[in-house]
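What follows is each chain in one-letter form.
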Number of protein chains: 2
Amino acid sequence: MPRAQKPNSKKERRQESEKLILEAAEKVFAEAGFGGATMQLIADMAGLPKANLHYYFPTKESLYRQVVQNIFQIWLEAADVFDKADGPAEGIGAYIDAKMDISRRHPAGSKVWASEVMHRAPVIQDYLETTLMEWTEGRAAIIERWIAEGRMEPVDPRHLLYMLWATTQHYADFNHQIETLNGGTPLSDAQWDAATQSVKEIILRGIGITT
Amino acid sequence: MPRAQKPNSKKERRQESEKLILEAAEKVFAEAGFGGATMQLIADMAGLPKANLHYYFPTKESLYRQVVQNIFQIWLEAADVFDKADGPAEGIGAYIDAKMDISRRHPAGSKVWASEVMHRAPVIQDYLETTLMEWTEGRAAIIERWIAEGRMEPVDPRHLLYMLWATTQHYADFNHQIETLNGGTPLSDAQWDAATQSVKEIILRGIGITT
DNA sequence: AAAAATCTTGACCGGTTGGTCAGACTGTGG
DNA sequence: CCACAGTCTGACCAACCGGTCAAGATTTTT
């Protein structure tokens, strides 16, 4: 009878290895970029022989594509809080909270995403044109409704969204610069809270919400 | 007597070639990243044989370093408007104008800079620790003075600066995403103005300045 | 005009990279 | 216990990369 004495079974091992590879790949792609990353480096970081990577992911590009899709998924899920809110203060505030949390917990993934978009999105252009486009238009409509209801100042919804993305993602993509300016040490828990508070405070006041 | 019939003279040609190479390198580094860029690609884009690149820039890294330093220079010069202003509305407003202008006119350079910082600043870490650190502390002091004088809301100066950097740079680094969401076409002059206006409006109102 | 200094370039090289593959290994179903 | 499908890996390869170099071309200096 096939019990799992050790975490061994055909399917378990497969999932485990894939996860190991994807995590290593995310870090290496983030630190070196797609062009600078090597399968050997990813293999070393995952603790597997290089040929094993090519068993699970036939090409470097397919591995990269999976990493990008994973972070895009996380990115999209943060949007849920936006929909559940019944007003701009709650909706945008919670969205900033969620995106700052992603920046803190998935800095590598955020960098991979940023790098992909900066390089003209060679592998996820279709996502931008479909999923992201729909998402953006949907939220822009919500914001416009809030404006029409007089619950916030009339600002261009798209530029507001860009500002939300830019500001929150900055704490992931440029964390090295922020660390350097912070005396070479990573932000503490309290400093992350302060950062989130600052961002929320300025933006919410900026769209006419008094807390 | 050495007249310049055609744009030929030793020093002129040198400057011309270096400029040609640096412009090509900026584009290629921006599009492919340091690791993905090849000297051959840069040479082709500059219309020169590869060996010629190595005459002017001994290594790929030295060429890259020059590109990064150039954009850093432009970046720093935008700060002048900050100092000349005698209040937050004028200072921060003009700074946003200047940085949006850079994003528009030097998207490639901005991307190279972003990429460099994202990859933990392997070649310009010393700049971050010295020049950028001093710059940041200087402007933070100015902002704190404005706050003490009651000319703007008490916000953390550093997080305000990060927001300025993030928001303005976003229009360069993520211009492909913005173009896609704009229906696949680049922002028009009017749209750039609208973007700048939106950013200024939200941030200035966000720090308590009523226009 | 000759010599010196600077510039240009095709050909070349050692090292690295993504990817392949034959064969060993291992859990699984009968 | 066996046969089979799935998993693993060392060795290998063609392609490509950054960088070199010698020899020629061009400009500057004497």
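A. Expanded view of helix α1 (residues 10-36) of chain A. Spanning 27 residues, α1 of chain A covers only 33 Å between terminal C-alpha atoms, well under the ideal 39 Å at 1.5 Å per step. Restricting attention to buried positions, one finds in α1 of chain A the residues Ser17, Ile21, Leu22, Ala24, Ala25, Glu26, Val28, Phe29, Ala30 and Gly33 of chain A. The secondary structure elements touched by the buried residues of α1 of chain A are α2 (39-46), α3 (50-56), α4 (60-77) and α7 (107-118) of chain A together with α7 (107-118) of chain B.

B. Molecular detail of the confidence of the model for chain A. Residues with a pLDDT of 70 or more make up 97% of chain A, whose mean pLDDT is 94. Counted against residues more than four places away or in other chains, residues 1-6 of chain A, with its pLDDT under 50, gives two contacts.

C. How the structure looks around the interface of chain B and chain A. On the chain A side, the residues contacting the 55 residues of chain B number 55 residues. Where chain B packs against chain A, one counts two salt bridges. The interface formed by chain B and chain A contains 14 residue pairs in polar contact (both at pLDDT 80 or more). Mapped onto the side of chain B that touches chain A, the elements with two or more residues apiece are α1 (10-36), α7, α8 (125-148), α9 (157-173), α10 (175-181) and α11 (189-206) of chain B. At 11 residues, α9 of chain B tops the list of elements feeding residues into the side of chain B that touches chain A.

D. Broad picture of the domain arrangement of chain A. All names here are of chain A. Along its sequence, chain A is carved into domain 1 (10-58) and domain 2 (68-206). Relative placement of domain 1 and domain 2: their C-alpha centres are 28 Å apart. Counting from both sides, the interface comprises five residues of domain 1 and, opposite them, five residues of domain 2. When the two sides are added together, the surface that domain 1 and domain 2 hide from each other amounts to roughly 420 Å², 69% of it contributed by carbon and sulfur. When the buried surface of domain 1 facing domain 2 is broken down by residue, Leu22, Glu26 and Ala30 rank first, second and third, together holding 76% of it. Our count for the contact surface shared by domain 1 and domain 2 stands at zero salt bridges. The interface formed by domain 1 and domain 2 contains zero residue pairs in polar contact (both at pLDDT 80 or more).

About the cut-offs
Residues numbered from 1 in each chain as written. Chains lettered and ligands numbered in written order. Predicted model: local features only at pLDDT ≥ 70, side-chain atom pairs only at ≥ 80, totals over all residues. Heavy atoms only, no water. Helix = DSSP H or I, 4+ residues; strand = E, 2+ residues; numbered from the N terminus. Expected span 1.5 Å × (residues − 1). Buried < 20%, exposed > 50% of the residue type's maximum accessible area, 1.4 Å probe, protein only. Contact = heavy atoms within 4.5 Å. pLDDT = per-residue confidence, 0-100. Salt bridge = Lys/Arg side-chain N within 4 Å of Asp/Glu carboxyl O. Polar contact = N/O pair within 3.5 Å; in protein donor to acceptor, adjacent residues only side chain to side chain. Domains from an automatic or database assignment. Buried area = accessible area lost by both parts, 1.4 Å probe.

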